[in-house]
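Summary of structural features
Single-letter residue listing:
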Amino acid sequence: MSETKEEAKDVGRAKYSLGRVLRISGPLVVANQMSGSGMYELVRVGKDKLVGEVIKLTGDTASIQCYEETAGLTVGDPVQRTGAPLQVELGPGILNNIFDGIQRPLEVIAKQAQSVFVPRGVDVSPLDHTIKWTFVPGEVGKGDLVSGGTIIGEIDDKKNLLVKEKIMIPPNLAGRVQSIVKKGDYTLDDTIAVLEDPSDSKKTVIIRLSHYWPVRIPRPCKMKLPPKLPLLTGQRVLDSLYPSTLGGTCAIPGAFGCGKTCISQALSKHSNANAIIYVGCGERGNEMAEVLMEFPELKTKLKTGEEVPIMQRTSLVANTSNMPVAAREASIYTGITLAEYYRDMGYHVALMADSTSRWAEALREISGRLGEMPGDAGYPAYLGTRLAFFYERAGPVTCLGSPDREGSVTIVGAVSPPGGDFADPVTASTLAIVQVFWGLDKKLAQKKHFPAVNWHISFTKYERPLRDHYKDTMPSFLKDIATAKKILQDEKSLQEIVQLVGNEALSEDQKITLDIAAVLREDYLNQNAFTDFDYTCPLVKTSGMLRNLIKFYEQSIKASKNDKKMTWGRIRRLLDPIYEELTTMKFIIPGQEEKAIQAELDARLKKMNVAFSDLSTQI
Ligand SMILES: Nc1ncnc2c1ncn2[C@@H]1O[C@H](COP(=O)(O)OP(=O)(O)OP(=O)(O)O)[C@@H](O)[C@H]1O
Ligand SMILES: [Mg+2]
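Reading guide: rules and limits
Starting from 1, residues in each chain are numbered consecutively following that chain's sequence as written. Written order determines the labels here, with chains lettered from A and ligands numbered from 1. Since the coordinates come from a predicted model, pLDDT governs what is reported: local features require at least 70, and pairs of side-chain atoms require 80 or more to be given and counted, while whole-chain, interface and lining totals use all residues. Based on all heavy atoms of the structure, the side-chain values leave hydrogens and waters out of the count. Two strands are counted as paired when DSSP detects at least two bridges linking them. Think of it this way: any DSSP run of H or I at least four residues long counts as a helix, any run of E at least two long counts as a strand, and we number them from the N terminus. Axis definition: a line fit to C-alpha positions, over the contact stretch in the case of helices; interaxial angles, taken between N-to-C directions, run 0 to 180 degrees. When describing relative orientation, an angle under 35 degrees is termed roughly parallel and one over 145 degrees roughly antiparallel, while 65 to 115 degrees is termed roughly perpendicular and anything else oblique. Two helices cross in a left-handed way if the nearer one is turned anticlockwise from the farther one by less than a right angle. They cross in a right-handed way if the turn is clockwise. Every residue pair with non-hydrogen atoms within 4.5 Å of one another is taken to be in contact. Three classes are used, and their members are as follows: Ala, Val, Leu, Ile, Met, Phe, Trp, Tyr, Cys and Pro are nonpolar, Asp, Glu, Lys and Arg are charged, and the others, Gly among them, are polar. Note that domain bounds follow an automatic or database assignment of domains. A simple rule labels every residue: compare its accessible area, found with a 1.4 Å probe on the protein chains alone, to the largest value its type can have, and call it buried under 20%, exposed over 50%, or partly exposed in between. For the purposes of these results, a polar contact is taken to be a pair of N or O atoms within 3.5 Å, where, inside protein, one atom must be able to donate a hydrogen and its partner to accept one; residues adjacent in sequence count only when each atom of the pair is a side-chain atom. Only protein atoms enter the 1 Å grid, on which a cavity is a set of points fitting a 1.4 Å probe that cannot get out and a pocket is an open set with protein on both sides within 12 Å along at least 5 of 7 lines, lining residues being those with an atom within 4 Å of a point. Grid points are joined across faces, edges and corners, and a volume is the space filled by probe spheres set on the points.

Looking at the sheet that holds strand E3 (residues 41-45)
The strand order around the closed barrel formed by six strands is E1-E2-E5-E4-E3-E6, and the pairing between neighbours is antiparallel. Ignoring which end each strand starts from, the neighbouring axes of this sheet average 45° apart. Two strands pair when backbone bridges link them, and strand E2 (residues 28-32) and strand E5 (residues 61-66) are joined in this way by four bridges, in the antiparallel orientation. Directly across from Ala31, in E5, lies its bridge partner Ala62.

Notes on the packing of helix H8 (residues 383-391) against helix H9 (residues 425-433)
At a minimum axis distance of 9 Å, the contact between H8 and H9 shows a crossing angle of 45°. With respect to H9, the axis of H8 lies oblique. Note on packing geometry: the crossing formed by H8 with H9 is right-handed. Across the interface between the two elements, Leu383, Gly384, Leu387, Ala388 and Tyr391 from H8 touch Pro425, Val426, Ser429, Thr430 and Ile433 from H9. Grouping the constituent residues of the contact of H8 with H9 by class yields seven nonpolar, three polar and no charged.

Looking at unusual backbone geometry
For the peptide bond that leads from Asp354 to Ser355, omega is 5°, which places it in the cis range. That bond from Phe450 to Pro451 is cis: its omega, -10°, falls within 30 degrees of zero. Within the element layout of this structure, Pro451 appears in the loop between helix H10 (442-446) and strand E30 (459-460). At Asn96, a residue that is not glycine, the phi angle is positive and equals roughly 60°. Relative to the helices and strands, Asn96 is located in the loop between strand E7 (87-90) and strand E8 (97-99).

Observations regarding the domain arrangement of the chain
Taken as a whole, the chain is organised into domain 1 (5-85), domain 2 (133-209), domain 3 (223-462) and domain 4 (477-618). The gap between the C-alpha centroids of domain 2 and domain 4 is 56 Å.

Things to note about the side chain of Asp534
Looking at where Asp534 falls in the secondary structure, it is placed in the loop between helix H13 (508-525) and helix H14 (539-561). Accessibility expressed as a relative area gives 2% for Asp534, which makes it buried. Of note is the side chain of Asp534, whose polar atom sits 3.0 Å from the side chain of Arg236. Beyond its immediate stretch of four places on either side in the chain, Asp534 contacts Arg236, Asn526, Gln527, Asn528, Ala529, Lys541 and Lys586.

Comments concerning the layout of surface pockets
Counted as a void, the largest pocket has a volume near 1600 Å³. Every residue lining the largest pocket is counted, 36 residues in all, and those nearest its centre are His270, Thr300, Lys301, Pro538 and Glu594. Among the secondary structure elements, those contributing two or more residues to the lining of the largest pocket are helix H4 (260-270), strand E23 (299-301), H14 and helix H17 (594-615). In the lining of the largest pocket, the residues fall into 14 nonpolar, 13 polar and nine charged. Shared between two domains, the lining of the largest pocket takes at least three residues from each, and those domains are domain 3 (223-462) and domain 4 (477-618).

Put into structure tokens, the structure is as follows:
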């Protein structure tokens, strides 16, 4: 087929000959005359120049997954190669921004298109190249040898008090600095530094404020490190019973309406990560709209007491269920690459992916259309490998280049098994990969027990590093957690006894266990995210509440066993106000100074101890 004049112009510009659409099957486009193209090469399909990625090559035909709606595409339409893989632009302007799955800035598109929909084939630069950023050079100067990852300066952004953007030499570049600019205002197009090419001294490499990185290739680091610091989520059940680490991998599987999105959002808002990448992957549009409405309003308090919007540390990658399925995969890879970029600056980054099941479904659809042999439940046989490859990009690392610094990427992936059946292939494969499993329970959600984390199936494999971390600072916290877990376990078997032979068969300490387990569940693990006292819970409150609860439990057991042999009924009657106080600890407002929270909980403990010692004088 001959090329039109317009197409021929494009060919001249792009250096590659045009392929032709041969077949269209939903998001999958097969094109011929594509010899020479590479796997995962980015192509522009049709007259609208839809963005697509080559995912299979046979002879001179290429199968392309299209990230945009393919309706209207016809056989014979041109396919333009770009010679580059799908990549993201990394530089200042990522935070406090919202992108679609292939890093197109949604706000800019909305302004440009004057429409609520993203027009097909729209071509805008991911980051704004008109903004002038104040670049402040670091210690690197003329004549210095620099390697990939080395920080050459930072952006002085008075508007962002949460994350200081560092400017790094891209990981794949190195050389001797020929020149570097002075402090001043520069756009992303300006030259910031010029390096002498190490292989050819006549050639130079230009460093700008931003660079591109292919999303499917993990950004390199010097060394992967074992996890050691806790990820504080602000959710009591997670921080105490099933904690994760900065750099950990966590999965939140749960049926429809169990609270996966609420947990992901709570983590984005209140966790102790320095930067957050929130990937809305194939979920309902209203959830993403909720995030967009809510996040810009939320503020966090700095040590100086100043309140700053959390969006300053957040970037949103929005891909909703009505967008083309293939873009789900792109959104996951875009998200993780953005996260790695901030990790490389030496930050702790948390990536939330809601939900990885929708991505797996997209893989299944594309695989089906490619005619691949289906595996379990129709998912492709490589599902587990793909998931593992994604989760493997998490972890604490020593960053490339100088100065020496450590960063981490934590991945929290929501999984939505159909009908809440955890035997589904996506949940089962994820379970085999992640180190922390927060299994949500339909029954708990129905009872309005939120977060509906089931304490019988959830687990964490980070107990050892966290034990080392808390060993010196909070040794009693670890003991209390172990006791709480034991109480919850015992409750299950005791309930079975009660069901069989009734309450009377229980010993006094068993009755205590049952009642304290109820308090533990209802007033400690239960945490309503929509209240002003429980939207988050700082670690002092989490550990202090648990300490008081366990102290009450232990002292009650002791009182029931001493020479007076008091019954639990009597202890409870005599200590009623103290027992009541156990259930009101959650009302302590989390926004206060840590010291105030600690003082309040300490005062309650003191009162309890006095009451128990008075108890021993009772007849
Ligand atoms: N921590 C919480 N505190 C209070 N209510 C909660 C909490 N978590 C969930 N809920 C309630 O459960 C509802 C459903 O939660 P959410 O949307 O997070 O579920 P989901 O698992 O993401 O569901 P889906 O599978 O449909 O995406 C929320 O609208 C809210 O009313
Ligand atoms: Mg959800």
